[in-house]
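Coordinate analysis (summary)
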Amino acid sequence: MNYFHYIENELWCEEVPVERIVEAVGTPLYLYSYQTITRHFQVFDAAFAGVPHLICFSAKANSNIAILKTVVAAGGGVDIVSGGELFRALRAGADPKKIVYAGVGKTEQEITSALDAGILMFNIESSQELQVINSVAGRLGTRAPISLRINPDVDPLTHPHISTGLKQNKFGINIEKSRDEYRRAKELDHIDIVGVDCHIGSQITELGPFIDALTRLKDLIARLREDGIEVRYLDLGGGLGISYNEETPPHPDEYARAIIERAKDLDCTFIFEPGRVIVGNAGVLVSRVLYVKTNADKNFVIVDAGMNDLIRPSLYGSYHGIVPVREKGKGILTADVVGPICESGDFLAKAREITEVGRGDLIAVKSAGAYGFSMSSNYNSRPRAAEVLVRKDRFEIIRERETYDDLVRGERITDFVEGLK
Ligand code: LLP
């Protein structure tokens, strides 16, 4: 359910016509619906109403501070993976006691900032990281609350680049070794064990992999308790998929039922780290058609958004629906929808049947709210797009379009490049 809809052949976001926003802000443009984000958050939250839980929105999906604030205002915490995301979460007013921190490569500086902020827990991904966090906490005269991120060796049945819970992936600590690792953690002076964590992958469209991971974690928790280790939190990560095209992922209610049914007696507070399911279908990328051409017998619709703006199609072959902002009742065109970047891999859609469009028309690339702007870059020296948030009949720029000056900020021409002196 989202708040993008057509009124008299014109695409609206909540109570504002998309064209009106484009007139004010230009293209390419990321456009998000506030009510969609809060609704998705509330549906997910309500699904777990029967058990103690905390929902930490995964900042990597969309880290704009206005989006983080939207989730924080709805009662959420934040799942972070870097010092930069910690900074953003705090800037958005997140309660540090609702911040969880994963990632295989935390630096000592990042660990220090997170300890200073007083986050809820570190999700630790290796033996060495455990030792480093222990020593940083010792230096600061404090104790670090931790979970180990368990790699349960479960196939999430998703794209290989976004599966994380298989033993050949770089993430987490092998489940077989984890009991020993917990025993070692228990002996450390500056570590407080508070829970168990896993995250098996993203865009998961079936319950099976989640249930398999939960079953393995439950077993581990039982053994840890035998060892006298207290497990207060069970963090099951994110990963619930959305419908980009014809996928039929479980509704959050179904996902919650499957988990609650199997884990309600665990006496834990559940933590979830959803990203995509909260913001994915709450955002579109609006772009203008620059040219339409035919090469050999292939049609190309060239638009002003490229792989630097939305890399998912190029990187994973992902499908994103493409719709006209104004339906003109024209015919259907089969075309590659491509950007201006100098790479053949720069496409938003391949051999796609779309409503016929011409130079100057606006299109919306759907389901672009997650891993859209947050993965964008300046490749080909393209300023990054503006971001706009709509709430009912109001819209505000939540990130200015970058300027050419932004592109060279921090760069300098040193003496020795000026010539052979
Ligand atoms: N927690 C952890 C530890 C994660 O690594 C991730 C995503 C999430 C939570 C949130 O997962 P979600 O609920 O959004 O599936 N760039 C890829 C997705 C990479 C996901 C990385 N980790 C894409 O565009 O599909």
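Rules used in this analysis
- Residues numbered from 1 in each chain as written.
- Predicted model: local features only at pLDDT ≥ 70, side-chain atom pairs only at ≥ 80, totals over all residues.
- Heavy atoms only, no water.
- Near = heavy atom within 4 Å.
- Polar contact = N/O pair within 3.5 Å; in protein donor to acceptor, adjacent residues only side chain to side chain.
- Areas by Shrake-Rupley, 256 points an atom, 1.4 Å probe, with all protein chains shown as cover.
- Nonpolar A, V, L, I, M, F, W, Y, C, P; charged D, E, K, R; others polar.
- Domains from an automatic or database assignment.
- Buried < 20%, exposed > 50% of the residue type's maximum accessible area, 1.4 Å probe, protein only.
- Helix = DSSP H or I, 4+ residues; strand = E, 2+ residues; numbered from the N terminus.
- Pairing = 2+ DSSP bridges.
- Right-handed = clockwise from strand over helix to strand, strands pointing away.
- Contact = heavy atoms within 4.5 Å.
- Buried area = accessible area lost by both parts, 1.4 Å probe.
- Disulfide = S-S within 2.5 Å.
- Expected span 1.5 Å × (residues − 1).
- Arc of directions from axis to C-beta.

**Quick notes on the site of the ligand**
- Lining the immediate environment of the ligand, one finds 18 residues, of which Ser 202, Glu 273, Arg 312, Tyr 316 and Tyr 371 sit closest.
- Take Ser 202: an N or O atom from its side chain is 2.4 Å from an oxygen atom of the ligand.
- With respect to the ligand, the backbone of Gly 275 contributes an N or O atom lying 2.9 Å from an oxygen atom.
- Summarising the interface, the protein chains cover 92% of the accessible area of the ligand, which totals 580 Å² for the free molecule.
- Tallied by class, the residues present in the shell around the ligand amount to five nonpolar, seven polar and six charged.
- Each of domain 1 (4-31 + 280-408) and domain 2 (34-276) gives at least three residues to the shell around the ligand.

**Description of the pairing of strand 5 (residues 53-58)**
- Counting buried positions over the six residues of strand 5 gives five, a clear majority of the element.
- Direction of pairing for strand 5 relative to strand 6 (residues 77-80): parallel, over a ladder of three bridges. Looking across to strand 6, one finds that Cys 56 is bridged to Gly 77.
- Handedness of the crossover joining strand 5 and strand 6 through helix 3 (residues 65-73): right-handed.

**Brief notes about the domain arrangement of the protein chain**
- In terms of domains, the protein chain is made up of domain 1 (4-31 + 280-408) and domain 2 (34-276).
- Placing a centre on the C-alpha atoms of domain 1 and another on those of domain 2 gives a separation of 32 Å.
- Taken together, the contacts link 23 residues of domain 1 with 22 residues of domain 2.
- Summing both partners gives a buried area of about 2000 Å² for domain 1 against domain 2, and 53% of it is carried by carbon and sulfur.

**As for the side chain of Glu 125**
- Summarising the element assignment, Glu 125 is placed in the loop between strand 8 (121-124) and helix 6 (127-139).
- For Glu 125, a relative accessible area of 4% translates into the label buried.
- At a separation of 2.8 Å, a polar atom in the side chain of Glu 125 contacts the main-chain amide nitrogen of Gly 172.
- Excluding its chain neighbours within four sequence positions, the residues that come into contact with Glu 125 are Ala 102, Gly 103, Val 104, Lys 106, Arg 149, Phe 171, Gly 172 and Ile 173.

**Regarding unusual backbone geometry**
- Cis geometry is found at the peptide bond from Thr 27 to Pro 28, where omega equals -10°.
- Position of Pro 28 relative to the elements: it lies in the loop between helix 1 (18-25) and strand 4 (29-33).
- One non-glycine residue, Leu 157, adopts positive backbone phi at about 55°.
- The backbone phi angle of Ser 381 is positive, close to 50°, even though this residue is not glycine.
- As for its position among the elements, Ser 381 is in the loop between strand 19 (362-365) and strand 20 (386-391).

**A word on the sheet that holds strand 1 (residues 4-7)**
- Strands sit in the order 1-2-3 across an open sheet of three strands; the sheet is antiparallel. Each end of this open sheet is capped by a strand with a single partner; those strands are strand 1 and strand 3 (16-17).
- Here strand 1 runs beside strand 2 (residues 10-13); their pairing, made up of four bridges, is antiparallel. Its bridge partner being in strand 2, Phe 4 is matched across the sheet by Cys 13.

**Details of the state of the cysteines**
- All told, the structure shown has zero disulfides when counted by the stated rule.
- Its sulfur unpaired, Cys 198 is 12 Å from the next cysteine sulfur, which belongs to Cys 268.
- You can call Cys 198 buried: its relative accessible area is 2%.

**Comments concerning helix 6**
- Look at helix 6: 19 Å from first C-alpha to last across 13 residues, which is about the 18 Å you get at 1.5 Å a residue.
- The complete set of buried residues in helix 6 reads Glu 129, Leu 130, Ile 133, Asn 134, Val 136 and Ala 137. The buried residues of helix 6 occupy an angular sector of 170° when the element is viewed end-on, so they sit on one face. Structural note: helix 6 exposes Gln 128 and Arg 139 on the side pointing more than 90 degrees away from its buried face.
- Just downstream of helix 6, Gly 141 is the residue with a positive phi angle, here 65°.

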